[in-house]
Each structure stands twice: as C-alpha cells, then as structure tokens.
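Report on the structure
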Amino acid sequence: MMKSLFSAELLKIVKQSKTYYALGAIILIELLILLIAYYQGSTVLDLLLESLKQSFYFEGSLLNGNLIMYIVLNSLWFNVPLILMIITSGFLTDEYKDGTLQSVMLQAVKKKQFILVKYAMAILFTILVITFMMLTTFAFAYAIFGKGDLIVYINTLNFFESGDAFRRICFSFISGAIAMIFYNVTSMTLAILIKDSSKTWLVSALFLVITNLLLKVDFGNASFNNLFFPKLIDTWQQLFVYELDWTRIIGNNFLLILYSLLMVLIGTYIFNKKDIG
Amino acid sequence: MIRVIFVLFFLWLVKPIFGQEIDTDLLTIKKRMDAVQQFSATVIFDLDVPFIRMPTKSAKITYSKGEKMGFSSTDFVMLPKRGLDFSMSEIFKYPFITVDRGTEKRKGLLLKVVNVIPTDKRSDLAMATLYMDVQAKRIVESEINTRKDGSYILLMSYASNKDILPNYVETTFAIERLKIPFNFMGKDTKIDRKKMRAMETKTGKIKMQIKDYRIKQH
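Keep in mind it's a predicted model, so treat the numbers as computed, not measured.

Regarding its fold elements, chain B presents three helices and twelve strands. Counting the 218 residues in chain B, one finds 26% classified as buried. If you take every contact in chain B between residues at least 6 apart in sequence, the share linking residues at least 24 apart comes to 52%.

Ranked by internal contacts, the top residues of the largest apolar core, which has 108 residues, are Ile68(A), Val72(A), Met180(A), Val185(A), Leu130(B), Met132(B) and Ile139(B). For this core, the element with the highest residue contribution is helix α3 (residues 65–98) of chain A, accounting for 16 residues. Each residue touching Met180(A), except ones within four places of it in the same chain, is listed here: Val80(A), Pro81(A), Leu84(A), Thr126(A) and Ile130(A).

This next bit is on the sheet that holds strand β2 (residues 150–154) of chain A. The three strands are arranged β2(A)-β3(A)-β2(B) in an open sheet whose pairing can be described as mixed. Of all the strands in the sheet, just β2 of chain A together with β2 (52–53) of chain B have a single pairing partner and so form its edges. Pairing analysis gives five bridges linking β2(A) to strand β3 (residues 156–160) of chain A, with the strands arranged antiparallel. Bridged to Val152(A) within β3(A) is Asn158(A).

Let us look at the confidence of the model for chain B. Residues and elements named next belong to chain B. Considering every residue of chain B, the mean pLDDT works out to 81; 80% of them sit at 70 or more. Overall, residues 185–189 carries pLDDT values under 50, and its contacts beyond four positions in sequence, including any with other chains, amount to 14 contacts. Across the whole predicted complex the pTM is 0.82, and at the interface the ipTM reaches 0.75.

All names here are of chain B. Looking at the element boundaries, Tyr 158 is found in the loop between β10 (151–157) and β11 (168–176). Taking the C-beta count within 10 Å as the criterion, Tyr 158 has 16 such neighbours and is therefore assigned partly exposed. Put simply, Tyr 158 and Val 169 are eleven residues apart on the chain and 9.0 Å apart in space, counted from C-alpha to C-alpha. Residue contacts for Tyr 158: discarding those within four places in its chain leaves Arg 138, Asp 163, Pro 166 and Asn 167.

Next up on the list: unusual backbone geometry. In most cases, non-glycine residues show a negative phi, while peptide bonds are predominantly trans. Residue and element names in this part refer to chain B. One non-glycine residue, Lys 137, adopts positive backbone phi at about 55°. For Lys 137, the position within the fold is in the loop between β8 (125–133) and β9 (138–146). Here Lys 137 falls in the partly exposed class, since 16 other C-beta atoms lie within 10 Å of it.

Right, let's get into the environment of Lys202(B). Residue and element names in this part refer to chain B. Among the secondary structure elements, Lys 202 is positioned in strand β12 (residues 201–217). Residue Lys 202 is classed as partly exposed on the basis of its 16 C-beta neighbours within 10 Å. Placed 170 residues apart in sequence, Lys 202 and Arg 32 show a C-alpha to C-alpha distance of 35 Å.

Now for the UniProt feature "transmembrane region" (unreviewed entry) in chain A. According to UniProt, the feature "transmembrane region" (unreviewed entry) maps to residues 20–39, 67–93, 114–145, 165–194, 201–219 and 249–271 of chain A in the numbering used here. Between the first and last C-alpha atoms of residues 249–271 of chain A the distance is 33 Å; the span itself is 100% helix and 0% strand.

Reading the values: rules and limits
- Residues numbered from 1 in each chain as written.
- Chains lettered and ligands numbered in written order.
- Predicted model: local features only at pLDDT ≥ 70, side-chain atom pairs only at ≥ 80, totals over all residues.
- Helix = DSSP H or I, 4+ residues; strand = E, 2+ residues; numbered from the N terminus.
- Buried ≥ 20, exposed ≤ 12 C-beta atoms within 10 Å, placed from the backbone.
- Contact = placed C-beta atoms within 7 Å.
- Core = buried A, V, L, I, M, F, W, Y, C linked by C-beta atoms within 7 Å.
- Pairing = 2+ DSSP bridges.
- pLDDT = per-residue confidence, 0-100.
- UniProt positions renumbered as here; feature names shortened; annotations may be inferred.

Here's what the structure looks like:
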C-alpha cells in the first residue's frame with residue numbers, strides 16, 4: 001500500500017506545473033545571486049586584502065568559482081526555503097482545497113500511512129531540489145569563474161585550497177539540505193494544522209523570518225544557544241572554520257534531524273486525530 | 001712632538017666618523033653575493049600570522065641581478081614584499097657606509113655585527129643591521145629598517161658550509177590588523193572589540209624552505 005501511495009504522490013509532483021515553476025524560480029534566483037556575487041566578490045576581496053597589500057604580493061586570483069559559491073551559499077538559505085515551503089505545504093493544502101483528500105480516504109488508505117508518505121515526499125522533493133541547485137550552481141560558478149583558492153572570514157581570515165574548498169562546499173550543501181528538510185517538514189505540519197494554503201504560506205514565511213531573527217539572538221545560556229533549533233540552521237557555516245569541529249557539525253545536524261522527526265510525529269498525531277474535511 | 005702625537009691620536013679617534021670605510025668582511029660577503037647573476041628555486045611557505053590561516057604553499061622564484069624577484073605559482077600565494085631578497089641586492093643597491101657594532105653569539109656561532117647605512121637618498125633602506133658569519137663568509141641574520149615598508153628581521157640557515165644562498169629563511173614583520181567588511185563575516189562571527197583593538201598591530205612570520213636552487217654565477 002505504502003509503495004502505491006508513494007508512486008501516486010511522485011506522479012503528482014512530476015505532473016504538477018508548480019514543481020517546474022519552483023525549479024525555474026530557483027535557477028532565476030541562482031543566476032541573480034551569481035551576478036550579485038560577482039560584483040560583491042571583487043569588492044569583498046578589495047576590502048579583505050587592503051590591509052595585507054602593504055606587506056604581501058598576491059599571485060593568483062581569489063575571485064573564482066569557490067568564492068562565488070560561498071557568497072551564493074550565504075544568500076540561498078533564506079530564499080530557497082521560502083519557495084520550498086510553499087510547494088511542499090501545497091502537497092497537502094491542495095488536497096484539502098480540491099477535496100481529493102476525502103476521495104483518497106474513502107479508499108482503503110490508512111491516515112497515518114497517507115500523511116507519512118506526504119512527509120516522505122516533502123523530504124524527497126527537498127533533497128532533489130537541493131541536489132539540482134548544487135549541481136547547477138557548481139556548473140555555473142565553475143564554468144564562468146573557474147576554480148581556485150577560497151578566502152573566508154570566520155573569526156580569522158581562512159584560506160582553503162581549491163580541492164578542500166570544493167569538499168567543504170559539498171558538505172555545506174548537505175548540512176543546508178538538512179536545514180531545508182526541517183523547514184519543509186515544519187511547513188507540512190503547519191499545513192495539517194491550518195489546512196488553508198495561503199494561510200499556511202503566510203505562517204510558514206513567518207516561521208522562516210522568526211527563525212532567522214532568532215538565529216542572531218544571544219540567549220545568554222550556552223546550552224540553550226547550542227540546542228535551540230534556530231541556532232542550528234546555519235551549521236553549514238561551521239564548515240568554513242579552519243579547523244573543522246566535526247563533533248559540533250554532526251551533533252547539530254543530528255539535532256536538526258531529531259527536530260524534524262519531532263515535527264513529523266506531531267503532524268502525524270494531529271492528522272490521525274483530526275477529522276477530514 | 002707632543003702636538004704631532006695629539007693630532008695623530010685625534011685623527012685615530014675621529015677615523016670611524018669621517019673615514020666611512022666599508023667593513024672588509026662585509027665587502028668579502030658582498031663580492032661572493034655579487035657573483036650570483038641569476039638563480040631560480042622552489043620556495044615552500046608557511047605563514048604564521050595570528051589572524052590568517054593558510055595551508056602550506058609553494059612557488060617558483062626567479063632572480064636576475066638588477067631586477068626584482070619574480071615568482072609564479074599554480075595556486076594563490078601571498079609572498080612577503082620584503083624578505084625574499086636573499087641576495088641582499090636591495091641593501092647593496094646604492095652607496096653605503098658601515099658602522100662596526102662588535103660581535104654577538106647566536107646558536108654557538110660568533111657573529112660580527114655591522115650597521116649598513118645608505119648614503120644615497122634614492123635608497124628605501126633606512127638602516128640594516130647585519131650579523132655575519134665571517135668564517136663561512138655569509139649573512140646569518142639581518143634587521144632591515146625601510147623608509148616605506150616598515151621593519152623586518154630575516155633569519156637564514158644554510159644547507160652546507162660553502163653555500164651563499166640559504167635553504168631556510170624566517171622573516172618576521174609587523175602587520176596591521178584586518179579591516180573586515182561586516183557583510184562578509186559569517187553569521188557565527190563574534191566581534192570582540194577589546195581583542196580587535198589589542199590586535200591593531202601584530203607580528204607576523206613567514207617561514208620559507210628553499211630548494212632546487214639553480215644558480216648562475218660568474
């Protein structure tokens with residue numbers, strides 16, 4: 001039963017035009033960010049290296065695909081979840097709106113199984129979109145700007161060799177994908193609670209904004225600062241600290257996965273208890 | 001007779017001031033270095049600056065007498081503006097005088113210390129203190145004070161007793177703190193103003209291993 005539900009949901013995603021609008025929007029955002037990153041990149045480099053110019057000669061270019069990728073990474077994690085949350089919450093709100101949910105429930109489909117498949121689709125869709133995004137941004141950035149050393153300022157001015165930079169960027173996409181999964185699973189839970197699509201979008205956007213605002217707040221308590229979910233969202237930045245703290249990186253991502261599972265559990269419980277309609 | 005002795009004694013006293021003789025040991029070293037017409041080598045750099053983290057880098061350097069040091073690398077490298085002048089050509093570029101500063105012991109070696117002061121205004125060098133290994137006829141340490149690029153210290157080690165060019169150089173220099181644009185800082189970056197102020201000027205070091213020398217001498 002789960003398998004056929006899964007295939008049906010997958011078919012819906014492939015068939016619906018919204019999926020392609022989302023992918024188109026992501027490519028458009030990527031191109032715009034690449035363009036901005038190019039101009040921002042040269043200014044950033046001038047400012048970063050200004051004080052070092054007195055003591056050093058520089059050989060080789062730092063305005064390359066890796067720097068562009070890093071600037072892109074900084075800009076992606078607000079715009080992309082917004083689009084993804086709208087699409088994934090739509091997986092359920094559209095069913096409420098079109099009344100198809102009642103028809104599905106008239107079949108021999110368990111509510112729990114149905115909603116778990118919806119969550120699985122939200123996760124799969126997120127992974128597919130992030131993979132697509134990663135491949136296209138790498139292709140654009142490397143084709144236009146080439147490879148080279150990456151310069152990043154996180155407490156110290158860190159230089160990474162091209163191969164190392166590539167690995168760190170790949171890992172940060174994985175970490176970013178986990179954060180995206182958390183957002184999308186949350187938007188699905190919100191869809192279960194709210195049912196109405198536009199209201200769900202609004203609350204999801206609000207959730208995204210509040211999480212981003214809380215990310216910058218220092219709560220004074222070290223353990224709260226380390227465990228509260230908004231603080232885990234930008235774990236990908238930790239991958240650009242010179243000496244990698246894998247315990248913190250893996251720990252943070254594991255916590256985010258736990259938060260996502262908690263959202264799934266809450267959503268499944270509510271959906272199971274609620275009447276359809 | 002007493003008058004003659006007095007005049008001779010006075011002349012002996014003021015000789016270091018007006019004589020402006022160049023230290024003969026330095027001249028011997030200079031002659032050895034002048035013989036180096038060209039050289040190329042591979043340099044492996046390790047940057048040791050408190051606020052910069054960089055992996056070990058390597059570059060090819062090329063030197064031709066009378067020209068600036070050239071360098072090339074397949075990836076990004078930061079090379080110190082001063083400190084690559086192993087041949088000391090910048091110091092000896094314009095006429096100079098020397099002042100004997102006696103001797104000092106470093107790592108079991110008795111070194112002769114001289115101050116080199118250029119007499120030509122075109123020179124960017126304000127003063128250099130050179131520590132010479134007279135027996136091996138080479139410079140082991142130098143403290144360079146420039147008019148434009150600040151001061152720096154060079155420590156040099158050599159592979160064998162007969163080498164004139166070093167196989168290891170450590171350059172110590174003063175470096176201003178970084179002025180970082182805030183929009184480029186990672187979100188997790190905490191700004192410690194006290195720490196930043198304390199870091200206004202720091203000492204940086206660059207350690208260089210030089211290998212695969214190809215020297216052309218005349």
